[in-house]
Every structure is written in structure tokens, then in C-alpha cells.
Amino acid sequence: MAAPFTLRKIGVQPNSANLTEARRRVFDFFRAACRSIPTIMDIYNLQDVVAPSQLRFAISAQIRNNAHVTDPKVIDLLLFKGMEELTDIVDHAKQRHHIIGQYVVGEGLVQNTGSKDQGKSDFLKNFYTSNYF
Amino acid sequence: MASMAAASTSLQARPRQMVTAVKCFCQGSRSNLSFTLRPLPTRLSVSCAAKPETVDKVCEVVKKQLSLKEGDQVTAATKFAELGADSLDTVEIVMGLEEAFDIEMEEDKAQAIETVEEAAELIEEILKAKA
């Protein structure tokens, strides 16, 4: 059995120089999250509920949700929030129903499912700005 | 002797998955030897270092990860990008392999993986180092 993975509490440094470094940090974060999955399943007793591959898919889906971002600073902030969430989960600061509701069952938190409006109608995009367009 | 010839010809007829990974120079150099009386069975002239079971298991994980249908061909030389995987998918496949084989891959080596074969070879290296 490989040595159990311990999540070192390194915060994400807020200074990615360019997109490549931000990308590398995303993959590092993803790997750290995937390697903590056995611990998570152990803590919250998810062995019968979900398979590790489904949790990996949930994590990658969340990352993919923000895949269109190109600003390294924004990526850093998203990574910081992701790291915060992961640390909370691993520290057992959440409860089982949180994990199941947010990552196992389809919907997730309601405020997360609204994707930023991409390619919706121009009418709706300008609706708040003015009446005349 | 006759049975060997028959076996080798039947191997030629059936498309083996390893044939695509065979580099041409292997068979070419063999045919230059004057004392070779029969063609070498293709099974032995594979040039990649990974065992077939490892490659098969890797293919399994890849298929499940990318949700490929049963009919799609995944051979040793297939690049992940050809199967429609982006870079995050590649990392996810590597994590799936880590879980399936119960190993830990180093980051820089894992970043360099592009084909099924490289993944299988890396896995075998790590397994050998662990044993």
C-alpha cells in the first residue's frame, strides 16, 4: 500500500507569473485532491455510496466549469477557494450530507450551478444596462 | 518445425494489438541474417518494454475514464489526445492508473505521458522499483 497522502497545508501563493504556471498549479491541486480521496471516503464513510472515480469526475467537472478563464490572478483565486474547500473537507469540518449533496448527487449547491452567462441572448445581456439597445 | 510455421502464419493473419507497436527495424534486421530459416513469430519482436497485461489494464482505465464505446480501438500507441482527452483528462487518467495499480507517480514524469505505452512502461518501472 502506498504511503498515505497527507495534505500539507500550503496555501496557494497569489502570484502566478503566467498561464503556464497557473495551469501547473491547477494540475497540482487536482492531484492533491485526488490523492486525498481515500482519506475523504474513510472520514465520511462513503464506501457504499460512491466510487473514487465518481469523486474524481466531480472534482474535474468543477475544474472544467471554470476552464474558460484566462487571467492567472483569477485562476489563483479559484485555486485558493478550491484549496480552502479541500482543506475543510479533509479536516472533517463538513458533514456527510454536505459531501453527498455537493459532490455525489447531481445538483450540487444551487448557487454553484448557475454558469456565467455564455452566449445567451444579447437582449438579456443588455437588459440590466439600459432600455435602449 | 511445420507447426511453428503454421503458428507464425496464423499470427500474421490475426491482427494482434502489439503489431502496431512493433518498430519496423526489428523485423528488418532479423531478415538480414542469413541463417534465419523461418520468420520470427511477431509476438517476440515487440520493442516496447511493457507487459501486455499492464497495457490492457491501462486501456481499460482509459476507456472507462473517457467513456469510450466498446468498439473504439485503444492500442498501445494511441495518444490520449487522439481519443479526445484534454490535459485535465490526461491527469485524471494518470490518477485513475495510480489508484488501479496502487502506486504513486512522480509529477514531472506523469506530465510527460502521452500514449498508452508510455503510461504502461512508467507503471512497470515503478512496480519494479517498489518490489
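Residues numbered from 1 in each chain as written. Chains lettered and ligands numbered in written order. Predicted model: local features only at pLDDT ≥ 70, side-chain atom pairs only at ≥ 80, totals over all residues. Heavy atoms only, no water.

Peer 1: Before we move on, can you summarise the interface of chain A and chain B with the specific residues and values?
Peer 2: Opposite the 18 residues of chain A that make contact, chain B presents 16 residues. Between chain A and chain B, a total of about 1,600 Å² is buried, with carbon and sulfur atoms accounting for 50% of that surface. Taken as a group, Arg31, Arg35 and Arg56 of chain A account for 35% of the area that chain A buries against chain B, more than any other trio of residues on that side. Counting across the interface, chain A meets chain B through seven salt bridges. (Contact = heavy atoms within 4.5 Å. Buried area = accessible area lost by both parts, 1.4 Å probe. Salt bridge = Lys/Arg side-chain N within 4 Å of Asp/Glu carboxyl O.)

Peer 1: Describe in detail the confidence of the model for chain A, supporting the description with residues and values.
Peer 2: For chain A, per-residue confidence averages 82 on the pLDDT scale, and 80% of positions sit at 70 or higher. Looking at the elements of chain A, mean pLDDT is at its lowest for helix α5 (residues 110-113) of chain A, recorded as 55, and at its highest for helix α3 (residues 72-90) of chain A, recorded as 91. (pLDDT = per-residue confidence, 0-100. Helix = DSSP H or I, 4+ residues; strand = E, 2+ residues; numbered from the N terminus.)

Peer 1: Give a description of the packing of helix α1 (residues 19-44) of chain A against α3 of chain A that names residues and reports values.
Peer 2: Residues and elements named next belong to chain A. The contact between α1 and α3 brings their axes to 10 Å, and the two run at 10°. By the criterion of interaxial angle, the relationship of α1 to α3 is roughly parallel. The segment α1 lies against α3, with Leu19, Ala22, Arg25, Val26, Phe29, Ala32, Ala33, Ser36, Ile40, Ile43 and Tyr44 engaging Pro72, Ile75, Asp76, Leu79, Gly82, Met83, Leu86, Asp88, Ile89 and Val90. Looking at side-chain class alone, the contact of α1 with α3 contains 16 nonpolar, two polar and three charged residues. (Axes fitted to C-alpha atoms, helices over the stretch in contact; angles between N-to-C directions. Parallel < 35°, antiparallel > 145°, perpendicular 65-115°, else oblique. Nonpolar A, V, L, I, M, F, W, Y, C, P; charged D, E, K, R; others polar.)

Peer 1: I'd like to hear about unusual backbone geometry, residue by residue, with values.
Peer 2: Backbone geometry places Asn45 of chain A, a non-glycine residue, at a positive phi of 55°. Position of Asn45 of chain A among the secondary structure elements: in the loop between α1 and α2 (52-65). Backbone geometry at Asp102 of chain B places phi at a positive 60°, although glycine is not the residue there.

Peer 1: Would you mind going over the side chain of Arg56 of chain A in detail, with residue names and values included?
Peer 2: Within the secondary structure, Arg56 of chain A sits in helix α2. Contacts of Arg56 of chain A, omitting those with residues within four sequence positions, involve Phe30, Cys34 and Ile37 of chain A together with Glu92, Met95, Gly96 and Glu99 of chain B.

Peer 1: So what's going on with the environment of Ala120 of chain B? Residues and values would help.
Peer 2: As for its placement among the helices and strands, Ala120 of chain B is situated in helix α6 (residues 116-130). A relative accessible area of 0% places Ala120 of chain B in the buried class. (Buried < 20%, exposed > 50% of the residue type's maximum accessible area, 1.4 Å probe, protein only.)

Peer 1: How would you sum up the pattern of salt bridges? Please name residues and give values.
Peer 2: Residue and element names in this part refer to chain A. As enumerated under the stated definition, the model contains 14 salt bridges over all chains in all. The closest approach of N and O atoms between Arg25 and Asp76, which form a salt bridge, is 3.6 Å. Of this pair, Arg25 sits in helix α1 while Asp76 sits in helix α3; the two residues are 51 residues apart in sequence, bridging distant segments of the chain. Each member of the pair, Arg25 together with Asp76, is buried. Of the charged contacts in the structure, one is a salt bridge between Lys94 and Glu85, with a shortest N-O distance of 3.1 Å. What makes Lys94 buried here is its relative accessible area of 16%.

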